[in-house]
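Chains, contacts and geometry: an overview
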Amino acid sequence: MTRKFWIPTVFVVVVGIGWSMSYYTDWLWFVSMDYQSVFWRTLKARFMTGVIFGLLAAVVVGVNLWVAGKFTRSALETGESPFEGGIPGVGLLRTKVGYFLVGAVLVMILGNIGSAQWPVLLRYVHAQSFGVADPIFNRDVGFYVFSLPIYQFTVNFLMGVVVVSALAVGFIYLIAGGIRIQERIQIMPQPLAHLSGLGGVFMLVMAWNYRLKIYELLYHAGGRVFGAGYVDVNVQIWTYWTLVVVFLGTAGLLLKNIQDRTTRLPLIGAGLLVGGAVVVGSVPAALVQRIYVDPTELEVEAPYLKNNIEATRRAYGLDRIEEQPFEASENLTRTDIEANPVTIRNVRIWDERPMVQTYQQLQEIRPYYVFPSVDVDRYTIDGVYRQVMLSAREMATDRLLPQTQSWQNTRLVYTHGYGVAMSPVNVVTPQGLPSFMIKDIPPVSEFGFKIDRPEIYYGERSHAYVLVKTSAKEFDYPAGDENQYTVYQGTGGVPMGSFLKRLAFTIRFMDFNFLLSSYLQPETRIMFRRQIVERVRTIAPFLSYDSDPYLVVSEGRLYWILDAYTTTNMYPYSERSGRSRINYIRNSVKVVVDAYHGKATFYLADEEPIIKAYVEIFPDLFKPIENMPEDLRAHVRYPVDLFRIQAAQYREYHMQDIQVFYNQEDLWEIPNEIYSDRPQRMGPYYIIVKLPGEQREEFLLMVPFTPAKKDNMIGWLAARCDGDSYGDLLVYKLPKDKLIFGPMQLEARIDQQPEISSRLTLWGQRGSEVIRGNLLAIPIESSFLYVEPIYLQARQEPDEQPQFNDEEGGGQRQAPRRPQIASTAIPELKQVIVAFGGQVIMRDTFEDALNDLFGMRTTAAVEAARSAQNLMPETAAQTATRLAGQAEAHYQTVRKSLQEWDWAKAGEAMQALERSITELKKVLEEEK
């Protein structure tokens, strides 16, 4: 074997071994997940799709290379080629082997491109009906979602194959002298006939392409209507039909030129194309739009606007939203507060961002642990429905000291995170820190939480592979000055007992330690794809996934729940959404991942047409939602990403009146809020409240709305998360004849309060950073209570850079800047702002603010708030601090009331002040 064949042969062998080992280790991984049927189904689908499109490419490319080859070999043998000997590899074109190699490479590339469309092809084969037809062509929506995409890809694929074939044979003819470029281009009869035939095939494909473009008008984004408008239906459709005829006519002329072999017919065809494009191009549509549509656009476009509104509402599930009035009165009383103790107990005064920073400082314990994010959920604790925040303590080996980041430590020793931290959403210690329900290592809880398996092998930050059941001591958790070690007892990971498996993973990860390390044993298992989103996406790449997996403590174990969506951008007349460009979405699947074993279970949450197709394709992948353990089902929540998309669309598509929609008279916006010291778009938030007309509190996801370019509140959207009401969407519309403060208006009122603004400014000047937390609008009865927490943390100043003498340069140089620690400051919750009606109050605690706002003291609701904030028994010092704060607040109220000549209010505050002082004296005497 000559060297020029030896090198590509070795290359092909190496690539083939790498490819086969990749598939082999993938198969082992799917077997370990008990989804081998999914692996084989996916592999078969990918292979068959590649074969189908590869054969299609082989026919087109092969026939063209065969025809070009006959001419070229003859030209090269007779020495007619002007490039003979001038271009490397031209000699290959003398033999059939050369054409076979060229064709094989092109077919493999094109077939690989086609194989990526296996989900599209499988959806086409298993197409489902949506039960709804489009209003223009009266075709079921399933045609557009399942069939049209494969037609579009096939057309584009054929166009690409024909173009590639034309370029290949054109180059071959150029080498062989069939095409000569001198003063003008000269084409010999046979190449002319061949290229005419290719041109004719391309025109046929273009005719099919424009036939499909007629359907694509239902996604037209120009003008006031998304989808086909008046001009599209009455002009553009016929324009496309005319172009179909033009392309067919041009194809006929080019195909006839295979026999005539002249330039006359191609020139006539080109003239036909140019003439058709000019006559039926954009001019007729523009004229009709300008002369007929623009003067009476609303009247003319009304039916198409209706199509757009109805389709968008169906596609995003907005048609399921139940609209109800909400009075938004200013009559909230002490009695109303007392009637909603669960709501008061669960008012969230901790935000995710400061909380995750606080968790990191208080509960990471060791530098190699990390809390990636904080999740919001609800639990029933001692018979009480509580909203909590929790986070997983994951392993981050990149935070080990550089000298300790050896292969043994990062792959065999430090393999998993450990435990969780959990705290209620509204509990604050006297130091302004959260009070933990679950804390420390091993996990400790005084509230009935027992975690039998706190190890976290699979999580949000678990990216690298690890090996377990090795002879190395596997680190479990730190215990004082010593470390505890463990041996993995679960079923996660791929067994590596045989030499073949170790060799396969050596090739996959290009890591020879799999073969050389003496720590590996017959029972050793390798865990890879441990990051939970990557894990489930590998199993089901055809689903879209939520950006926020959340942790659940259930029956002594830790689980991740991840929401998965079925989406498409092919729902006719439905407006596409943001950067994702989808125009249909359903939360069809809930995925549960065991943090210890790594098992991923896909539960069906919605039986819509797209997921029905996938259930037919992968019958062993999905399980009914009824099979989910009851304790886990209690923690299913409405996903934030879906809710955010729906809320964004509802801003416009809550308007169902055509004229109102056309004029955008009632356009809504999601309001801004002040977070830290900067405005930002308000995000959806979970709360526990009692909806109007309901008998009990429930877990909701909600967001308020304001009118476009206005700051007053106009409505709020809620998604229910509990029990049989899960997934119900409600929008509460506020009266338009009165002002209801929106978030930015409340923020402005806060800034206008001299006592509040001066204190915030003062704190910010004392080396502290003031963080204004999320402003929550909490519906209680028929009113809104607004709550905003205030945090303080030490400002992080850059390190002062010392100067060093530069001996060589004779000048000064700065020392290299040390990397800044992410944040060593601990945000402390110092104040809570509560607002209602025209009153804005800032106090040390939520309880104190309620007390001053509603003139209460020991009501049931405040006792509920107090019990929530004192999960641990209150010490005498804490009681004294609280009473002193109340006395200070009452004293300030007395002063303000006297300044305003409000004698009645001053008298009430004076009495409250006396009670606080009396209780404070009593506590101090008892302490003595």
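Every chain is numbered on its own, with residues counted from 1 as its sequence reads. Predicted model: local features are reported for residues with pLDDT of at least 70 only, side-chain atom pairs are reported and counted for 80 or more only, and whole-chain, interface and lining totals are derived from all residues. The basis for the side-chain values is all heavy atoms of the structure; hydrogens and waters are excluded.

Quick look at the overall build of the protein chain now. Note on conventions: DSSP H or I runs of at least 4 residues are helices, E runs of at least 2 residues are strands, and numbering of each starts at the N terminus. Check the secondary structure of the protein chain and you find 27 helices and 37 strands. Taken over 928 residues, the protein chain has a buried fraction of 53%. Whether two residues are in contact is decided by their heavy atoms, any of which lying within 4.5 Å being enough. Contacts in the protein chain between residues at least 24 apart in sequence constitute 68% of all its contacts with a sequence separation of at least 6. In these tables, accessible area is a Shrake-Rupley quantity obtained with a 1.4 Å probe, and a residue counts as shielded only by the protein chains included in the view. About 42500 Å² of surface is accessible on the protein chain, with carbon and sulfur atoms providing 55% of the total. With a 1.4 Å probe rolled over the protein chains alone, any residue whose accessible area is under 20% of its type maximum counts as buried; one over 50% counts as exposed, and the rest are partly exposed.

Attention shifts here to the pattern of salt bridges. Salt bridges, as used here, are contacts in which a Lys or Arg side-chain nitrogen is within 4 Å of a carboxyl oxygen on Asp or Glu. Throughout the structure, instances matching the rule amount to 28 salt bridges. One salt bridge in this structure joins K450 and D452, with 4.0 Å as the shortest N-O distance. Take D452: its relative accessible area is 47%, and that puts it in the partly exposed class. One salt bridge in this structure joins K830 and E828, with 3.2 Å as the shortest N-O distance. With a relative accessible area of 30%, K830 lands in the partly exposed category. Residue classification places E828 among the partly exposed residues on the basis of a relative accessible area of 26%.

Every definition here rests on a 1 Å grid over the protein atoms only: cavities are sets of points where a 1.4 Å probe fits but cannot get out, pockets are open sets enclosed by protein on both sides within 12 Å along at least five of seven lines, and lining residues have some atom within 4 Å of a point. Grid points are joined across faces, edges and corners, and a volume is the space filled by probe spheres set on the points. Under the criterion given, the structure shown has 1 cavity of 30 Å³ or more. Each pocket or cavity is described by its volume, and for the largest cavity that value is around 30 Å³. In this structure, the largest cavity is lined by W29, S32, Y458, G493, V494, I526, M527, F528 and R535. Breaking the lining of the largest cavity down by element, the ones donating at least two residues are helix 1 (3-32) and strand 17 (525-527). When residues are grouped by polarity, Ala, Val, Leu, Ile, Met, Phe, Trp, Tyr, Cys and Pro land in nonpolar, Asp, Glu, Lys and Arg in charged, and all others, Gly among them, in polar. Grouping the constituent residues of the lining of the largest cavity by class yields 6 nonpolar, 2 polar and 1 charged.

Note: two strands are recorded as paired if DSSP finds a minimum of 2 bridges between them. The strand order across the open sheet built from 3 strands is 13-17-16, with neighbouring strands paired in antiparallel fashion. The sheet terminates laterally at strand 13 (466-468) and strand 16 (494-495), the two strands that pair on one side only. Across 3 bridges, the pairing between strand 13 and strand 17 is antiparallel. The partner of V466 across the bridge, within strand 17, is M527.

Turning our attention to a nonpolar patch on the surface. Two distance rules govern patches: like charges are joined within 9 Å, and nonpolar side chains (Val, Leu, Ile, Met, Phe, Trp, Tyr) within 5 Å, applied only to residues with over 30% relative accessible area and no salt bridge. Taken together, V201, L204, L248, L255 and I258 make up a surface patch of nonpolar side chains, about 370 Å² in accessible area. Sorting the residues of the nonpolar patch by element identifies helix 6 (189-216) and helix 7 (230-260) as the ones contributing at least two each. For the nonpolar patch, the element with the highest residue contribution is helix 7, accounting for 3 residues. With respect to the helices, strands and loops of the structure, L255 is situated in helix 7.

Counting buried positions along strand 9 (residues 420-424) yields 5 of 5 residues, so the element is predominantly enclosed. In strand 9, alternate side chains face the same way, and those of V420, M422 and P424 on one face and A421 and S423 on the other are all buried. Here strand 6 (residues 384-392) pairs with strand 9 via 5 bridges, running antiparallel. Looking at the pairing, A392 lines up with V420 of strand 9.

What follows concerns the packing of helix 7 against helix 8 (residues 264-280). In the contact formed by helix 7 and helix 8, the axes pass within 8 Å of each other and the chain directions differ by 175 degrees. Here helix 7 lies roughly antiparallel to helix 8, going by the angle between them. From helix 7, T239, T242, L243, V246, F247, G249, T250, L253, L254, K256, N257 and D260 reach across to helix 8, where they touch L265, P266, I268, G269, L272, L273, G276 and V280. The residue makeup of the contact of helix 7 with helix 8, split by class, is 11 nonpolar, 7 polar and 2 charged. A fitted line through C-alpha atoms serves as each axis, taken over the contacting stretch for helices, and the angle formed by two N-to-C directions is quoted from 0 to 180°. Oblique is the label for any angle not under 35 degrees, not over 145, and not in the 65 to 115 range, which are roughly parallel, roughly antiparallel and roughly perpendicular in turn.

Low pLDDT means the predicted coordinates in that region are not meant to be read closely. pLDDT is defined as a per-residue confidence score from the predictor, taking values between 0 and 100. When pLDDT is averaged along the protein chain, the result is 86, and 89% of the positions lie at 70 or above. Across residues 798-822, confidence stays below pLDDT 50; counting only partners more than four residues off in sequence or on other chains, it has 24 contacts. Low pLDDT, under 50, characterises residues 857-873; the stretch is placed with 41 contacts to residues that sit more than four places away or in other chains.

Before going further, it helps to examine helix 23 (residues 754-764). For the α-helix, the turn length of 3.6 residues means that residues three or four positions removed from each other point alike. Restricting attention to buried positions, one finds in helix 23 the residues I756, L760 and W763. The arc enclosing the buried residues of helix 23, seen along the axis, measures out at 65 degrees, which places them on a common side. An arc is given here, and it is the one of the directions from the helix axis to the C-beta atoms.

A few words now on the environment of P671. With respect to the helices and strands, P671 occurs in the loop between strand 24 (668-669) and strand 25 (672-675). Classification of P671 as buried rests on a relative accessible area of 5%. The spacing of P671 and G683 is 12 residues in sequence and 8.9 Å in space, taken between C-alpha atoms. Not counting residues within four places of it along the chain, the set of residues in contact with P671 comprises Q680, R681, M682, P704, F705, T706 and P743.

Right, let's talk about the packing of helix 10 (residues 297-315) against helix 20 (residues 640-653) for a bit. Between helix 10 and helix 20, whose axes approach to 11 Å, the crossing angle comes to 155 degrees. Taken together, helix 10 and helix 20 sit at an angle that is classed as roughly antiparallel. The chirality of how helix 10 crosses helix 20 is left-handed. Residue-level contacts link N308, I309, T312 and R313 of helix 10 to Q649, Y650 and Y653 of helix 20. What makes a crossing left-handed is the near helix being turned counterclockwise from the far one by less than a right angle; a clockwise turn instead makes it right-handed.

One pair of aromatic rings is described through two measures. These are the centre distance and the angle between the planes. Working definition: rings of Phe, Tyr and Trp (its six-membered ring) pair if their centres are within 6.5 Å, and the pair is stacked with planes under 30 degrees apart, edge-to-face with planes over 60 apart, and tilted otherwise. The full count for this structure, using the stated rule, is 58 aromatic pairs. Between F30 and F39 the ring centres are 5.4 Å apart and the planes differ by 45 degrees, which places this aromatic pair in the tilted class. Judged on exposure class, the residue F30 and its partner F39 are both buried. Taking 5.1 Å as the distance between ring centres and 10 degrees as the angle between the ring planes, the aromatic pair formed by F542 and F618 counts as stacked. Here F542 is found in the loop between helix 17 (532-539) and strand 18 (544-545), whereas its partner F618 is found in the loop between helix 18 (609-617) and strand 23 (622-624), with 76 residues between them in sequence. Each member of the pair, F542 together with F618, is buried. Joined through ring pairs, the aromatic side chains of Y124, F137, F143, Y144, Y151 and Y215 make up one cluster. By definition here, charges over rings are those cases where NZ of Lys or CZ of Arg is within 6 Å of the ring centre and within 35 degrees of the ring normal. The lysine or arginine in question, R508, covers the ring of F509, its NZ or CZ lying 5.8 Å from the ring centre.

Let's shift gears to unusual backbone geometry. At the junction of I441 and P442, the peptide bond is cis and its omega measures out at -10 degrees in the coordinates. Relative to the elements of secondary structure, P442 occurs in the loop between strand 10 (438-439) and strand 11 (444-445). Positioned with a positive phi, D34 is a non-glycine residue whose angle comes to about 65 degrees. Mapped onto the fold, D34 is located in the loop between helix 1 and helix 2 (36-77). The class of D34 is exposed, set by a relative accessible area of 53%.

Our next topic: the environment of T879. Along the chain, T879 falls in helix 26 (residues 876-899). A relative accessible area of 13% means that T879 is categorised as buried. For the pair formed by T879 and P430, sequence separation is 449 residues and the distance between their alpha carbons is 9.8 Å.

Most of strand 21 (residues 584-594) is tucked away: 11 of the 11 residues are buried. Here strand 20 (residues 557-568) runs beside strand 21; their pairing, made up of 9 bridges, is antiparallel. Across the sheet, T568 pairs through a bridge with Y584, a residue of strand 21. Sheet analysis places strand 21 next to strand 22 (residues 600-604), joined by 5 bridges and oriented antiparallel. Residue pairing across strands places V591 opposite F602, the latter belonging to strand 22.

What follows concerns the environment of L924. Here L924 is to be found in helix 27 (residues 903-927). Using a relative accessible area of 43% as the deciding quantity, one classes L924 as partly exposed. Considering only alpha carbons, one finds L924 and T879, 45 residues apart in sequence, at a separation of 9.6 Å.

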